[in-house]
Amino acid sequence: MNYGFREEYRDLIEILNDPALFAGKLKVTAVQNEDLRRGNYDAVLLILTGYRSTFLFDLYDIFLREPDLATYNINLQTALDASGQKTILPASLQADKNFFRLDAAAATEQQDILTLLNYIYGFMSTREIGDKQEYARRIDELEHQLALGSWLFSLPSLAYFSTQFDAQSIDLYGVASQLSTIEKWRESKVK
């Protein structure tokens with residue numbers, strides 16, 4: 001909360017800690033940056049900017065960002081393969097250099113981690129929307145298999161609002177951001 005989006009984080013913490021919603025089974029707290037660097041968390045809630053519903057979001061911010069919010073650092077290392085194509089190096093994923101604590105050199109699940117790394121690079125390097133959608137599907141599938149976490153990418157997407165939530169419950173204008181009014185959102189009625 002010391003590095004931006006204070007109101008949004010405060011609102012989300014309040015919502016997630018609401019015993020009426022989760023019967024006290026969730027405990028969300030704001031932690032210091034030192035705790036993130038040491039890996040003292042079960043899950044991390046990060047607000048990402050720059051999302052658009054055309055599958056143009058930065059997966060490097062999610063998978064390759066160093067868990068140090070004071071310094072923005074993406075650990076991306078590439079090289080040319082035998083055919084002259086740029087590929088991502090496994091050294092991009094080291095346990096202390098990403099929020100998931102994934103290590104591409106680790107013996108357990110190494111092939112899955114390398115596959116995930118290649119999917120992420122494929123997603124970020126292509127300019128074709130259909131390819132991005134396919135890479136996003138593969139990443140989502142492998143992410144669920146590896147049980148890394150879940151994302152609600154579509155939060156700021158008007159397309160998502162129109163299909164999932166009652167548009168009248170979402171404040172799209174004014175000083176407050178869409179995220180800070182999340183407690184007012186109502187799911188749309190099934191037609």
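What counts, and where the lines are drawn
- Residues numbered from 1 in each chain as written.
- Predicted model: local features only at pLDDT ≥ 70, side-chain atom pairs only at ≥ 80, totals over all residues.
- Heavy atoms only, no water.
- Helix = DSSP H or I, 4+ residues; strand = E, 2+ residues; numbered from the N terminus.
- Buried < 20%, exposed > 50% of the residue type's maximum accessible area, 1.4 Å probe, protein only.
- Contact = heavy atoms within 4.5 Å.
- Areas by Shrake-Rupley, 256 points an atom, 1.4 Å probe, with all protein chains shown as cover.
- Salt bridge = Lys/Arg side-chain N within 4 Å of Asp/Glu carboxyl O.
- Lys, Arg positive; Asp, Glu negative; His and termini not counted.
- Polar contact = N/O pair within 3.5 Å; in protein donor to acceptor, adjacent residues only side chain to side chain.

Peer 1: Could you give an account of the overall build of the protein chain, with specific residues and numbers?
Peer 2: For the protein chain, the count of helices and strands is seven helices and two strands. Traced from its N-terminal end to its C-terminal end, the protein chain shows the element sequence α-α-α-α-β-β-α-α-α. Each of the 191 residues in the protein chain was classed as buried or not, and the buried ones make up 30%. Long-range contacts, defined here as pairs at least 24 residues apart, represent 52% of the contacts in the protein chain between residues at least 6 apart. With an accessible surface of roughly 12,200 Å², the protein chain has 51% of that area assigned to carbon and sulfur atoms.

Peer 1: Requested: an account of the pattern of salt bridges, with residues and values cited.
Peer 2: Taken as a whole, this structure holds six salt bridges when the rule is applied. Here R38 and D35 are joined by a salt bridge, their closest N and O atoms 2.9 Å apart. With R38 and D35 both in helix 3 (residues 33-38) and three residues apart, this pair spans about one turn of that helix. A salt bridge links R137 to E141; the nearest nitrogen and oxygen atoms lie 3.1 Å apart. With R137 and E141 both in helix 6 (residues 129-146), this residue pair falls four residues apart, about one helical turn. Bridged by salt links that share partners, the residues E134, R137, R138 and E141 form one connected network.

Peer 1: Can you break down the environment of E14 residue by residue, with the values?
Peer 2: If you trace the backbone, E14 turns up in helix 1 (residues 6-16). With a relative accessible area of 59%, E14 lands in the exposed category. For E14 and V28, which are 14 residues apart along the polypeptide, the C-alpha to C-alpha distance reads 8.3 Å.

Peer 1: So what's going on with the side chain of K132? Residues and values would help.
Peer 2: Within the element layout of this structure, K132 appears in helix 6. Buried and unpaired, K132 has no salt bridge, with D58 as the nearest side chain of opposite charge at 8.7 Å. Looking at K132, its side chain comes within polar contact range of the main-chain oxygen of T126, at 3.3 Å.

Interpretation in functional terms is not warranted from these geometric data alone.
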